[in-house]
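# Commentary on secondary and tertiary structure
What follows is the residue order along each chain.
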Amino acid sequence: MTGPEDILAFWIDEVGPDRWYAKDEALDARVRDLFEETWEAAMEGRFGLWLTYPSGALAYILLLDQFPRNMYRDNGKAFASDEIALAAAKQAIWRGWDMKIDEPARQFFYLPLMHSENLCDQDRCIRLLKERMQETGDSNLLHARAHREVIRDFGRFPTRNSALDRSSTAAERAYVEQGGYGATLRKLQAEAA
């Protein structure tokens, strides 16, 4: 079974910031090959000891928040462990463990908040990026604002509806047809220019 050090060495050192958010089928397959079994074990409640120290908590959050988005892209399973990751992130932030991890890896403590379909979590994500990511937070701040904008408008992420087998409203269908998240991002970029 994979340990926290393996997760951090792979994601932080090997994959690195330039590829963290790339849509890359080969990377997705590699994450699945290396970590799917570990993710399944975490979903069964294993690895609680990882949540007793900062780097272990970071590995746990990566495993349950980021990796499913790679392993199960465009599938409802990509969001199956979001609530667990969100609870772990909130606890780690409360303990100040996010501040024990150097930027840019620190951002992964905040991404479960950005992925949450809760406006309070969205606001908190933006605040944390501004306050605790002084060196590298600007790269994520625009995305955090775009996520919050979507939640303000719809109360959920319409682009997840198909994967989660949720019915879309007419407004959500129009949003997706008109460019979805990318359109929101471009609108905020234009407003900031």
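Use the structure listed above.
What counts, and at which threshold
- Residues numbered from 1 in each chain as written.
- Predicted model: local features only at pLDDT ≥ 70, side-chain atom pairs only at ≥ 80, totals over all residues.
- Heavy atoms only, no water.
- Helix = DSSP H or I, 4+ residues; strand = E, 2+ residues; numbered from the N terminus.
- Buried < 20%, exposed > 50% of the residue type's maximum accessible area, 1.4 Å probe, protein only.
- Contact = heavy atoms within 4.5 Å.
- Areas by Shrake-Rupley, 256 points an atom, 1.4 Å probe, with all protein chains shown as cover.
- Axes fitted to C-alpha atoms, helices over the stretch in contact; angles between N-to-C directions.
- Parallel < 35°, antiparallel > 145°, perpendicular 65-115°, else oblique.
- Left-handed = near helix turned anticlockwise from the far one by under 90°.
- Nonpolar A, V, L, I, M, F, W, Y, C, P; charged D, E, K, R; others polar.
- Expected span 1.5 Å × (residues − 1).
- Arc of directions from axis to C-beta.
- Core = buried A, V, L, I, M, F, W, Y, C linked by side-chain atoms within 4.5 Å.

### A word on the overall build of the protein chain
Each helix and strand counted, the protein chain has nine helices and zero strands in total. Element order for the protein chain, N to C, with α for helix and β for strand: α-α-α-α-α-α-α-α-α. Principal-axis analysis of the C-alpha atoms places the extent of the protein chain at approximately 45 × 35 × 30 Å. Looking at the protein chain as a whole, 47% of its 193 residues qualify as buried. Taking all contacts inside the protein chain whose residues are at least 6 apart in sequence as the whole, residues at least 24 apart take part in 64%. Accessible surface for the protein chain amounts to roughly 9,800 Å². Of this, 48% is attributable to carbon and sulfur atoms.

### Some words on the packing of helix H4 (residues 82-94) against helix H6 (residues 119-132)
At their nearest, the axes of H4 and H6 sit 13 Å apart, and the two run at 40° to each other. Regarding the angle of H4 to H6, the classification is oblique. Considering the relative orientation of H4 and H6, their crossing is left-handed. Residue-level contacts link Leu86, Lys90 and Ile93 of H4 to Asp121, Arg124, Leu128 and Arg132 of H6. Partitioning the contact of H4 with H6 into residue classes produces three nonpolar, no polar and four charged.

### Digging into unusual backbone geometry
For the bond from glutamate 103 to proline 104, the omega torsion is 0°, close enough to zero to count as cis. Inspection of the secondary structure assignment puts proline 104 in the loop between H4 and helix H5 (111-115). Located in the positive-phi region is aspartate 74, a residue other than glycine, with phi close to 65°. Turning to its location among the elements, aspartate 74 is positioned in the loop between helix H3 (54-71) and H4. Classification of aspartate 74 as exposed rests on a relative accessible area of 67%. One non-glycine residue, aspartate 165, lies in the positive phi region at around 55°.

### Side note on the environment of tryptophan 97
Of note, tryptophan 97 is situated in the loop between H4 and H5. Residue tryptophan 97 is classed as buried on the basis of its relative accessible area, which comes to 13%. Along the chain, tryptophan 97 and asparagine 75 lie 22 residues apart, while their C-alpha atoms are 31 Å from each other. Sequence-distant contacts of tryptophan 97, that is, excluding residues within four places in its chain, are made with Leu51, Thr52, Tyr53, Pro54, Ala57, Ala92 and Phe109.

### Details of the packing of helix H2 (residues 25-43) against H3
As a packed pair, H2 and H3 sit with axes 8 Å apart at the nearest point and diverge in direction by 135°. With respect to each other, H2 and H3 are oriented oblique. As H2 packs across H3, the resulting crossing turns out to be left-handed. Contacts from Leu27, Asp28, Val31, Arg32, Phe35, Glu36, Thr38, Trp39, Ala42 and Met43 of H2 reach H3 at Leu63, Leu64, Phe67, Pro68, Asn70 and Met71.

### Considering helix H9 (residues 180-192)
Here H9 spans 19 Å end to end across 13 residues, near enough to the 18 Å set by a 1.5 Å rise per residue. When H9 is considered as a whole, its buried residues turn out to be Gly180, Thr184, Leu185 and Leu188. Each buried residue of H9 lies within a common arc of 145° when the element is viewed along its axis, so the set occupies one face. Structural note: H9 exposes Arg186 and Ala190 on the side pointing more than 90 degrees away from its buried face.

### Some thoughts on the nonpolar core
Formed by 48 residues in total, the largest nonpolar core has its most connected members in Trp11, Leu63, Phe67 and Phe109. Mapped onto this core, the elements with two or more residues apiece are helix H1 (4-15), H2, H3, H4, H5, H6 and helix H7 (138-154). The biggest single contributor to this core is H3, with ten residues.

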